[in-house]
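# Tertiary structure, described
Letter by letter, the chains look like this.
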Amino acid sequence: MKKINLSVIIPVSKDLKIRECLQSIDVIAEVVVVLNNFPSQEVIKIVENDKRCKPIYLDGPGCNLAKVFNIGISAATYEKVVLTNSDCLFAPGLLNNLCLKLDEYEIVKAQVAFSFDSYRQRLVSECRRLFHQVFDNGEKFFGPGLSFKKIISQKIGGYFFDEVVAWGEDGELSIRLHKANLKFFILDEKIQHGGESIAHDLRIAFKIGKGNGAKDKQKKLRIPSVLLDDIHSLCTDRKSRFKTAYKEGGLSLMLYFLLWKVVLHIGYYVKRIKD
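Below is a summary of the structure that appears in this document. (Residues numbered from 1 in each chain as written. Predicted model: local features only at pLDDT ≥ 70, side-chain atom pairs only at ≥ 80, totals over all residues. Heavy atoms only, no water.)

## Considerations on the pattern of salt bridges
Our working definition: For salt bridges, the criterion is a side-chain nitrogen of Lys or Arg within 4 Å of an Asp or Glu carboxyl oxygen. Only DSSP runs of H or I covering at least 4 residues are called helices, and only runs of E covering at least 2 are called strands; the numbering of each starts at the N terminus. Each residue's exposure class comes from its accessible area (1.4 Å probe, protein chains only) as a fraction of the maximum for that residue type: buried when under 20%, exposed when over 50%, partly exposed otherwise.
One pass over the structure, following the stated rule, counts 12 salt bridges. Measuring nitrogen to oxygen at the nearest pair gives 3.0 Å for the salt bridge that ties E172 to R176. Within this pair, E172 and its partner R176 are both found in helix 6 (residues 169–179), separated by 4 residues, close to a single helical turn. In this structure, the salt-bridge partner of E172 is K215, at a minimum N-O distance of 3.9 Å. Remark: K215 occurs in helix 7 (residues 198–218) and E172 occurs in helix 6; sequence separation between them is 43 residues. A relative accessible area of 14% means that K215 is categorised as buried.

This is the structure:
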């Protein structure tokens, strides 16, 4: 294996797919594994048996992904880091290419291929493809597969992920990265993401909505004005999101995307009203 100056950051709790994820790392790199939310003994054993791994053990329940990734990035030895999930596989040669491109660019993003084994998983896969590769010209810096030099924190407010957001943390980071006008490159190579059920995907949408709500509360945005804007956006398809979803995957994808957005908004207003 080739040795490269890159740190791979992986949060994990009980996902046994971490084994395949580690096996797909085809270089000698530092692998910072953040074990959080009461990790299982089997997962701990898998991580500790891989000599490339630098395990970080977090106490306590819950999973604030923003906090977990921040801890992993801080613990990384190398300036160049790449973020991934425990249920993702790196294509051969991808990590070496990321490392080389980071010599030229401040941010490098790998594409993501979302797997599916059923019609319902396919809907989830197609919906996620919209966010990662279709909307906004496919230039959103969502994880997994996001890599950058740690020094960029000086240009985006002095921190990476906003721990107030907790979920949807990569979307909030993406906004700040673009505002900073950093030099970026998007690779053609893809990370393979494991299939997800509709129930899981909608739970994530709800949590992202709560994260957005926490951020807007911090900004002191008034609920009535946000609600009116959301209703107007949904009814007029202001950004042509529904039109694009229909074009990409027909009526079924458009309806699922609508459901996803509704659940996102429910999470948002549950958080705002509860607070």
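We are not done yet, so read on.
## Let's talk about the packing of helix 5 (residues 119–134) against helix 7
How we decide: The convention used is that axes are lines fitted to C-alpha atoms, helices contributing only their stretch in contact, and that angles between N-to-C directions extend from 0 to 180 degrees. By the convention used here, residues are in contact when the closest approach between their heavy atoms is within 4.5 Å. Classification convention: Asp, Glu, Lys, Arg as charged; Ala, Val, Leu, Ile, Met, Phe, Trp, Tyr, Cys, Pro as nonpolar; all other residues, Gly among them, as polar.
Where helix 5 meets helix 7, the axes come as close as 9 Å, and the angle between the chain directions of the two elements is 35°. Taken together, the residues of helix 7 that come into contact with helix 5 (itself represented by R120, L123, V124 and R128) are I198, H200, D201 and I204. When its residues are assigned to classes, the contact of helix 5 with helix 7 shows 4 nonpolar, 1 polar and 3 charged.

## Description of the packing of helix 5 against helix 9 (residues 241–274)
Rules: Here the word oblique covers every angle except those under 35 degrees (roughly parallel), over 145 (roughly antiparallel) and from 65 to 115 (roughly perpendicular).
For the pair helix 5 and helix 9, interaxial distance at closest approach is 10 Å and the crossing angle is 105°. Viewed along their axes, helix 5 and helix 9 adopt a mutual orientation that is roughly perpendicular. Every residue of helix 9 that contacts helix 5 at Y119, L123, V124, E126, C127, R129, L130, F131 and V134 is listed here: T244, A245, E248, S252, L253, Y256, F257 and W260. Residue classes in the contact of helix 5 with helix 9 are distributed as 12 nonpolar, 2 polar and 3 charged.

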